[in-house]
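This is what each chain is made of:
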Amino acid sequence: MIAIVFLLGLLAVTIFAAASGAQALPIAEIMMLVGIFVLFFGSGVYIAAVLGILGVLIGFLFSDRPWWAFMGQTLWAPSSNFVLVAVPLFLLMGEILLRAGLSDRLYRALNVWLNRMPGGLLHTNIVSCAVFSAISGSSVATAATMGSVALPYFQDTKYSQRMVLGSLAAGGALGNLIPPGITFIIYGLITETSVGALYIAAVIPSLLVTGLFILVILAHGLKHPMEKPAKLPLALKLRALLDLVPTLLLILLVLGSIYGGFATPTEAAALGVVGAAIFATLEGKLTLRMLNASAEATARNTALLGLILFGAYLLNYILTLINVPQALAGMISGLPIPPWAIMLCIIALYVALGTFMEGFSMIITTVPVVFPIVTALGYDPIWFGVIVTMLVEIAQISPPDGTVMYVLQGMRKRAGPITDVFAGVMPFLAVYLLAVALLMIFPGLALWLPSVMS
Amino acid sequence: MNSSATTAPAWLHAARRIRIWVTAVAAVMAHIAGWNYILCACFITFDIVARSFFGFSSKATVEVTGYMLAGGIAWALAHTLARRAHIRVDVFMMRLPLRLRAWLHLFSLSLLLGLGIFFAWAALELVDESALFNAHDNSALRIEMIWPQGIWAFGIISFAIMALVLMLEASLSMLAGEPDALDSLLGSRTLQDETEEALEAVAMAHEGPGPKR
């Protein structure tokens, strides 16, 4: 509810600002279009259809050119874009790893090293999620995989259920921020920024968020001290490291080839698929049935993104044709408000949208319009890409509509209300927002590494 | 047009049979799309290996894999619709009474159908244009654009057909006074469905022969 009130407020301010700008804007038509947009959205129309139909309406209302003649090309261009090829490949890699059981070894190995810190196993949750998300591009897959491995460890322990679920959800929400994430590919495609540079820029912010999560757990662990498990001999600990080898090899293969400049993100994704398949073969999990299930899930998830991209490209083509993003960017950067205040508004907009909208649709719907404003304000496109990705991740763990949390809720052995997950995730949500704030104050956190490496 | 209660189920059965048939075809197409991505990964990997170790490359990877992606997206659109996986914002809608919800499903689907037909038309126009100008791409293979674009357009047309068939069954369900059947046909996948699917995938990791040691 708060989200809706906020959105309407923002809309009112924008219209007021536009009206007082003394320019002859077709306010009535704009209001009508906004009305249609809100109505469609509220009545559950497919997001792709909302965007597409809106584009068609605007085209007929405001343009006298035969815009429809270019529609085929407008839809074909993103469909056959080599950058976008990385999306199904990373999805496929994640689906294969999800079914190959890589996560068990990872969790067991990390546990041996981390279980004596205050907060114990909870650290393993965060770190194993962080490591797993470095190879998987999907937050839901990360949460599902790590949840299925981790939850049995907590059975019949004194750990707070809330913290257990909260830390897993939060760890799952690292999935898209830690490279290689799919959000960066979509963002790079829409804004024509380098996906490789985005991956490099995301390194320090992901370390920052992971570090803050660990601090949350340390604080919790110090406040609720628990008995430490017995100290393990070093030889055993070293042997546990062996279990990390396949994971580390995959990370080296995918990220190493990108950062080392040997491969584009798309090529790295292809290597990742082959690497994941080899790993699954070694584990004895590679079957035709498993590959078939992975293929179907990949096809479905790619098509779902593709349809929204179609709608968004249609709308964006027509908006650009009649100069809307440029005009909007010019108008907003001309407002007597400091850029950081507008940026705060944009961030608040994303957080509000995130309470009821799913991450990808949020990016595809908003970035084409928001991005020109951001660049007109003088912000760096790479920096904004990292911010947007963090906001999408925050959306994943912001109640009431967070996929990651429902995945975990579905995996609980001991029944309990979903509010347990909500309450548990709150401290992590707070530090995630803190990280966004830090990134706003110190943009160098994202931009320093790309500038050094280029 | 007097739709008496006795004749309605017969139409409905016919519509349902058509839908089941189209859904089956769409599922096969989606699986082809999925395996096409596996092939795509192998192709790119082969190209990298060949380039780094043997000093040759297909010189058409970027184009060909782009076409594979376009085909993959288009061919899985219909199946994704049948599986109710296309994204809609339905948090508000799910709170409405069943009858109203059923009408909204019909409304949403009709908009999607309209857009699907428009997309299909646009795709066909593009193929037509490519055929007219005998367009080739710039890769070493000089592929004729009508092939990848034709395959792509076929997928989008199948999507429009799927939407049409669903629309037919949904409207007839409404006429026959079965809004609940319509709701289960079109209602978007709940988070529960999504969660179950993720869990199913995880379960797959815990079965089978297990690690060889």
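To be clear, the structure that these remarks concern was listed above.
Residues numbered from 1 in each chain as written. Chains lettered and ligands numbered in written order. Predicted model: local features only at pLDDT ≥ 70, side-chain atom pairs only at ≥ 80, totals over all residues. Heavy atoms only, no water.

Visitor: Can you help me understand the overall build of chain B in this one?
Guide: Along chain B, the regular secondary structure elements total six helices and zero strands. Helices and strands in chain B line up, N terminus first, as α-α-α-α-α-α. When the 213 residues of chain B are sorted by exposure, 50% land in the buried category. Sequence separation of at least 24 residues holds for 74% of the intrachain contacts in chain B that already meet a minimum separation of 6. A total of about 10,500 Å² of accessible surface is found on chain B, and carbon and sulfur atoms cover 66% of it. (Helix = DSSP H or I, 4+ residues; strand = E, 2+ residues; numbered from the N terminus. Buried < 20%, exposed > 50% of the residue type's maximum accessible area, 1.4 Å probe, protein only. Contact = heavy atoms within 4.5 Å. Areas by Shrake-Rupley, 256 points an atom, 1.4 Å probe, with all protein chains shown as cover.)

Visitor: Please explain the overall build of chain A as it appears in this structure.
Guide: When helices and strands are tallied, chain A shows 23 helices and zero strands. Counting only C-alpha atoms, chain A reaches 75 × 45 × 45 Å along its principal axes. Considering only residue pairs separated by 6 or more positions, chain A has 80% of its internal contacts joining residues 24 or more positions apart. Surface exposure of chain A reaches about 16,900 Å², of which carbon and sulfur atoms provide 72%. Of the charged side chains in chain A, 18 are positive and 16 negative, and the gap between their average positions amounts to 17 Å. (Lys, Arg positive; Asp, Glu negative; His and termini not counted. Charge placed at Lys NZ, Arg CZ, Asp CG, Glu CD.)

Visitor: It is not clear to me how the interface of chain B and chain A should be interpreted in this structure. Could you clarify?
Guide: You'll often see interface size given as the accessible area lost when the parts meet. Of the residues lining the interface, 72 residues belong to chain B; the matching set on chain A comes to 82 residues. Interface area for chain B against chain A, summed over the two sides, is near 6,700 Å², with a carbon-plus-sulfur share of 75%. When the buried area of chain B at its contact with chain A is split by residue, Ile-87, Val-89 and Met-204 of chain B rank highest and sum to 10% of it. At the junction of chain B and chain A, the tally comes to two salt bridges. Between chain B and chain A we count 10 residue pairs in polar contact (both at pLDDT 80 or more) in total. Grouping the constituent residues of the side of chain B that touches chain A by class yields 49 nonpolar, 14 polar and nine charged. (Buried area = accessible area lost by both parts, 1.4 Å probe. Salt bridge = Lys/Arg side-chain N within 4 Å of Asp/Glu carboxyl O. Polar contact = N/O pair within 3.5 Å; in protein donor to acceptor, adjacent residues only side chain to side chain. Nonpolar A, V, L, I, M, F, W, Y, C, P; charged D, E, K, R; others polar.)

Visitor: Explanation requested: a nonpolar patch on the surface in the structure shown.
Guide: Residue and element names in this part refer to chain B. On the surface, Phe-46, Val-49, Phe-53, Phe-54 and Phe-56 cluster together to form a nonpolar patch covering roughly 580 Å² of accessible area. Topologically, Phe-56 is positioned in the loop between α1 (8–54) and α2 (61–82). Judged by its relative accessible area of 43%, Phe-56 is partly exposed. (Patch = residues over 30% accessible without salt bridge, like charges linked within 9 Å, V, L, I, M, F, W, Y side chains within 5 Å.)

Visitor: Looking at this model, I keep getting lost on the packing of helix α6 (residues 102–114) of chain A against helix α13 (residues 234–242) of chain A. Mind explaining?
Guide: Between two packed helices, both the angle of their axes relative to each other and the distance between the axes serve to describe the pair. Residue and element names in this part refer to chain A. At a minimum axis separation of 8 Å, α6 and α13 run at an interaxial angle of 150°. By the criterion of interaxial angle, the relationship of α6 to α13 is roughly antiparallel. Of the two elements, α6 crosses α13, and the hand of that crossing is left-handed. On α13, the residues touching Ala-109, Val-112 and Trp-113 of α6 are Lys-237, Leu-238, Ala-240 and Leu-241. Partitioned by chemical class, the residues of the contact of α6 with α13 number six nonpolar, no polar and one charged. (Axes fitted to C-alpha atoms, helices over the stretch in contact; angles between N-to-C directions. Parallel < 35°, antiparallel > 145°, perpendicular 65-115°, else oblique. Left-handed = near helix turned anticlockwise from the far one by under 90°.)

Visitor: So what exactly am I meant to see when it comes to empty space enclosed by the protein here?
Guide: Taking a probe equal in size to a water molecule and rolling it over the atoms shows the remaining empty space. Residue and element names in this part refer to chain A. Overall, the coordinates contain three cavities of 30 Å³ or more when judged by the stated rule. In this structure, the largest cavity occupies an estimated 110 Å³ of space. Along its surface, the largest cavity is lined by Leu-151, Phe-154, Gln-155, Gln-161, Arg-412, Lys-413 and Arg-414. In terms of residue class, the lining of the largest cavity is made up of two nonpolar, two polar and three charged. As a volume, the second largest cavity reaches approximately 50 Å³. Sorting the residues of the lining of the second largest cavity by element identifies α16 (288–321) and α19 (359–376) as the ones contributing at least two each. The residue inventory of the lining of the second largest cavity, partitioned by class, reads seven nonpolar, two polar and no charged. (1 Å grid on protein atoms, 1.4 Å probe; cavity = no way out; pocket = protein on both sides within 12 Å on 5 of 7 lines; lining within 4 Å. Points joined across faces, edges and corners; volume = space filled by probe spheres on them.)

Visitor: Even after reading the chapter, I still don't get the environment of Phe-118 of chain B, so can you show me in this structure?
Guide: On the secondary structure map, Phe-118 of chain B appears in helix α3 (residues 98–132). By relative accessible area, Phe-118 of chain B is classed as buried at 16%. Residues Phe-118 of chain B and Ala-160 of chain B, 42 residues apart in the sequence, show an inter-C-alpha distance of 8.9 Å. Not counting residues up to four positions away in its chain, the partners in contact with Phe-118 of chain B are Val-56, Trp-67, Trp-68, Met-71 and Leu-314 of chain A.

Visitor: Even after reading the chapter, I still don't get the packing of α19 of chain A against helix α20 (residues 381–396) of chain A, so can you show me in this structure?
Guide: Residues and elements named next belong to chain A. Between α19 and α20, the shortest axis-to-axis distance is 11 Å and the interhelical angle comes to 150°. Classified by the angle their axes make, α19 and α20 are roughly antiparallel. The hand of the α19/α20 crossing is right-handed. Counting all contacts with α19, which are made through Gly-359, Met-362, Ile-363, Val-370, Phe-371, Val-374 and Thr-375, the residues of α20 involved are Pro-381, Phe-384, Val-388, Leu-391, Val-392 and Ala-395. Among the residues forming the contact of α19 with α20, the class breakdown is 11 nonpolar, two polar and no charged.

Visitor: Explain the nonpolar core here, please?
Guide: Taken as a class, soluble globular proteins show a tendency for nonpolar side chains to be buried jointly. Core analysis: the biggest nonpolar cluster contains 227 residues, and Ile-186 and Phe-384 of chain A together with Trp-152 of chain B have the highest contact counts within it. Not counting residues up to four positions away in its chain, the partners in contact with Phe-384 of chain A are Tyr-187, Met-343, Ile-346, Tyr-350, Val-370, Phe-371 and Val-374 of chain A. (Core = buried A, V, L, I, M, F, W, Y, C linked by side-chain atoms within 4.5 Å.)

Visitor: How should I be thinking about the side chain of Thr-266 of chain A in this particular structure?
Guide: Note on placement: Thr-266 of chain A falls in helix α15 (residues 265–282). A polar contact is formed between the side chain of Thr-266 of chain A and the backbone oxygen of Phe-82 of chain A, at a distance of 3.0 Å. Once residues lying within four places of it in the same chain are set aside, the contact partners of Thr-266 of chain A are Phe-82, Val-83, Val-85, Ala-86 and Leu-89 of chain A together with Ile-44 of chain B.

Visitor: Sorry, what's going on with the pattern of salt bridges here?
Guide: Pairing between side chains of opposite charge can happen when the charged atoms of each approach one another. The full count for this structure, using the stated rule, is 12 salt bridges over all chains. Here Arg-300 of chain A and Glu-296 of chain A are joined by a salt bridge, their closest N and O atoms 3.0 Å apart. Residue Arg-300 of chain A and its partner Glu-296 of chain A are both found in helix α16; the two are separated by four residues, about one turn of the helix. Between Arg-16 of chain B and Glu-178 of chain B there is a salt bridge; the shortest N-O distance is 3.9 Å. One end of the pair, Arg-16 of chain B, is in helix α1; the other, Glu-178 of chain B, is in the loop between α4 (146–175) and α5 (179–186), with 162 residues separating them in the sequence.

Visitor: Mind showing me how you'd approach the side chain of His-86 of chain B here?
Guide: For His-86 of chain B, the position within the fold is in the loop between α2 and α3. Sequence-distant contacts of His-86 of chain B, defined by excluding residues within four places in its chain, comprise Tyr-46, Ala-303, Leu-304 and Leu-307 of chain A together with Leu-77, Thr-80, Leu-81 and Phe-159 of chain B.

Visitor: Sorry, what's going on with the packing of aromatic side chains here?
Guide: Aromatic ring pairs: the centre-centre distance and the angle between the two ring planes describe each pair. Counted under the stated rule, the structure contains 22 aromatic pairs over all chains. Each ring, one from Trp-76 of chain A and one from Trp-152 of chain B, has its centre 5.1 Å from the other, and the planes form 75°; the classification is edge-to-face. In this pair, Trp-76 of chain A is assigned in helix α4 (residues 71–79) and Trp-152 of chain B in helix α4, connecting two distinct chains. Here Phe-118 of chain B and Trp-121 of chain B contribute two aromatic rings whose centre-to-centre distance is 6.0 Å and whose plane-to-plane angle is 15°, an arrangement assigned as stacked. Linking Phe-118 of chain B with Trp-121 of chain B, this pair stays in helix α3, spanning three residues, or about one helical turn. The partly exposed category is assigned to Trp-121 of chain B, whose relative accessible area is 38%. By the ring-pair criterion, three or more aromatic residues cluster together here, those being Phe-60, Trp-67, Trp-68, Trp-76 and Phe-310 of chain A together with Tyr-67, Phe-118, Phe-119, Trp-121 and Trp-152 of chain B. It is Lys-237 of chain A that lies over the ring of Trp-113 of chain A; its NZ or CZ is 5.1 Å from the centre. Positioned above the aromatic ring of Tyr-46 of chain A is the side chain of Arg-88 of chain B, whose terminal nitrogen or guanidinium carbon lies 4.7 Å from the ring centre. (Phe/Tyr/Trp six-rings, centres within 6.5 Å; stacked < 30°, edge-to-face > 60°. Lys NZ or Arg CZ within 6 Å of the ring centre and 35° of its normal.)

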